[in-house]
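# A closer look at the structure
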Amino acid sequence: MLATIHWNVDPILLDLGPLQLRYYGLCFAACIYTAFGLWHREALRNGHSLKFADDFLWYGVLGTLIGARLGHCLFYEPERYLSNPIEILYFWKGGLASHGSTAALIFSVWLFSRVHKVTFMRSADMVSPGIALAAGWVRIGNFFNSEIVGRPTDLPWAVVFERYDGTPRHPTAFYEVLMGIVAFLIIAAIRRREIRRAGSGLYFGLFMAVYFSFRFLVEFFKARQVGKIIA
């Protein structure tokens, strides 16, 4: 039987005074690297040019960052940020939301598709495997920050987030890591059989159905939190 894990890792990996290197930042960088790397491979695999594959980087990165920040500011703390809009730019003070980044990323894919004269579904199919797998990196970053903690539980894999409180809780951040891996593996298995090429909407539809169905279920295990989180 597994023992309860006690988690008390300092989220700051390296402190250089005015500059800090955080585990979350490294995980976010890994998220972008993973998503773009898999997009790049899918774009070339589907017959697109190297320039086409490279051009998506700015659309994806800017859409993810801007959407995540606006999602947090306008959904969780609108009064604070609307009364002092300049604080929206203070990324280093935390506050990002995954549903904001999801909406912005969909818009970025649509805009990229229009500019490069391909269908939205073609681009969405190619980006879906990378997003499914890369999303887990963000949740690992949340785990290092002792964020996205679950409700109290006595299950053997419970985690005590000592920076949050002393109660054994569901490690819901890792539940979401697993659901991203599951979504990626399902897409990869179907893609390997060459059932549909990019553009049919199959891979995008699978990602949305699998990932967000699991996401809905995980919400029942999450503790309600207010703070610097990606929700």
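The structure under discussion appears in the preceding block.
Residues numbered from 1 in each chain as written. Predicted model: local features only at pLDDT ≥ 70, side-chain atom pairs only at ≥ 80, totals over all residues. Heavy atoms only, no water.

## A short note on empty space enclosed by the protein
Condition: The rule is simple: put a 1 Å grid over the protein atoms alone, call a set of points where a 1.4 Å probe fits but cannot get out a cavity, call an open set with protein on both sides within 12 Å along at least five of seven lines a pocket, and count a residue as lining if it has an atom within 4 Å of a point. Grid points are joined across faces, edges and corners, and a volume is the space filled by probe spheres set on the points. By the criteria applied, helices consist of DSSP H or I runs no shorter than four residues and strands consist of E runs no shorter than two, each listed in order from the N terminus. Throughout this entry, Asp, Glu, Lys and Arg are counted as charged residues, while Ala, Val, Leu, Ile, Met, Phe, Trp, Tyr, Cys and Pro are counted as nonpolar. The remaining residues, Gly among them, count as polar.
Tallied over the full model, the rule gives one cavity of 30 Å³ or more. Of the voids in this model, the largest cavity is the one considered here, and its volume is about 630 Å³. Around the largest cavity sit 37 residues that line it, and C31, T64, S101, L105 and I131 are the ones nearest its centre. The set of elements that each furnish at least two residues to the lining of the largest cavity consists of α1 (23-45), α2 (50-75), α4 (98-115), α5 (120-144) and α7 (202-218). Examining the composition of the lining of the largest cavity, we find that nine residues originate from one element, α5, more than from any other. Partitioning the lining of the largest cavity into residue classes produces 28 nonpolar, six polar and three charged.

## So, the sheet that holds strand β5 (residues 168-169)
For clarity, the cut-off: The pairing criterion for strands is at least two bridges between them, as found by DSSP.
In space, the three strands of this open sheet follow the order β1-β4-β5, with mixed pairing throughout. Of all the strands in the sheet, the pair left with one neighbour each is β1 (5-7) and β5. The pairing of β1 with strand β4 (residues 159-161) spans three bridges and is classified as parallel. Looking across to β4, one finds that W7 is bridged to F161.

## Let's talk about the environment of G63
The condition that has to hold: To sort residues, take the accessible area from a 1.4 Å probe on protein chains only and compare it with the maximum for the residue type: under 20% means buried, over 50% means exposed, and anything in between is partly exposed. Here, two residues are considered to be in contact whenever any of their heavy atoms come within 4.5 Å of each other.
Structurally, the position occupied by G63 is in helix α2. Accessibility expressed as a relative area gives 9% for G63, which makes it buried. C-alpha separation for the pair G63 and S101, spaced 38 residues apart in sequence, amounts to 6.8 Å. The contact partners of G63, leaving out residues within four places of it in the chain, are W58, A68, A104 and S108.

## A closer look at the nonpolar core
Our working definition: Only buried Ala, Val, Leu, Ile, Met, Phe, Trp, Tyr and Cys residues count toward a nonpolar core, and they belong to the same one when joined by side-chain atoms within 4.5 Å.
Of all hydrophobic cores here, the largest spans 16 residues; its most connected members are A132, F184, I187, F207 and Y211. Counting only elements with at least two residues in this core, the list comes to α5, α6 (172-192) and α7. In terms of residue count, α6 provides more of this core than any other element does, seven residues in total. F36, F52, A124 and A198 belong to the second largest nonpolar core, which has 14 residues in total.

## Side note on α2
Under the convention used in this document: Expected helix span is taken as 1.5 Å per residue step, with the number of steps being one fewer than the number of residues.
Here α2 spans 38 Å end to end across 26 residues, near enough to the 38 Å set by a 1.5 Å rise per residue. Three or more residues of α2 are buried, namely F52, A53, F56, G60, V61, G63, G67, A68, R69, G71, H72 and C73. Next to the buried residues of α2 lie α1, α3 (78-83), α4 and α5.

## Describing the packing of α5 against α7
To be explicit about the condition: Axes here mean lines fitted to C-alpha atoms, for a helix over just the part in contact, with angles spanning 0 to 180 degrees between N-to-C directions. Working rule for angles: under 35 degrees goes down as roughly parallel, over 145 as roughly antiparallel, 65 to 115 as roughly perpendicular, anything else as oblique. Each crossing is labelled by how the near helix is turned from the far one, with a counterclockwise turn of less than a right angle marking it left-handed and a clockwise turn marking it right-handed.
The contact between α5 and α7 brings their axes to 7 Å, and the two run at 30°. One finds that α5 runs roughly parallel with respect to α7. Between α5 and α7 the crossing geometry is left-handed. Counting all contacts with α5, which are made through F120, M121, A124, D125, S128, I131, A132, A135 and R139, the residues of α7 involved are L202, Y203, F204, F207, Y211 and R215.

## Points about the pairing of strand β3 (residues 19-22)
As paired strands, strand β2 (residues 12-16) and β3 are joined by four bridges and run antiparallel to one another. From the neighbouring strand, L14 faces β3, where its bridge partner is L21. Linking β2 to β3, which pair antiparallel, is a turn of two residues; within it G17 sits at a positive phi near 80°.

## Some points on the packing of aromatic side chains
Selection rule: Any Phe, Tyr or Trp ring, taking Trp's six-membered ring, that has another such ring centre within 6.5 Å forms a pair; planes under 30 degrees apart are called stacked, those over 60 apart edge-to-face, and the others tilted.
This structure, assessed with the given rule, holds 19 aromatic pairs. Between W7 and F143, the ring centres sit 4.5 Å apart and the planes meet at 50°, which makes this aromatic pair tilted. Residue W7 is located in strand β1, and its partner F143 is located in helix α5; the two are separated by 136 residues in the primary sequence. In this pair, the class of W7 matches that of F143, namely buried. Between Y211 and F212 the ring centres are 5.2 Å apart and the planes differ by 80°, which places this aromatic pair in the edge-to-face class. The exposure class of Y211 is buried, given its relative accessible area of 7%. The structure contains a cluster of three or more aromatic residues connected by ring pairs, namely W7, Y23, F143, F144, F161 and F174.

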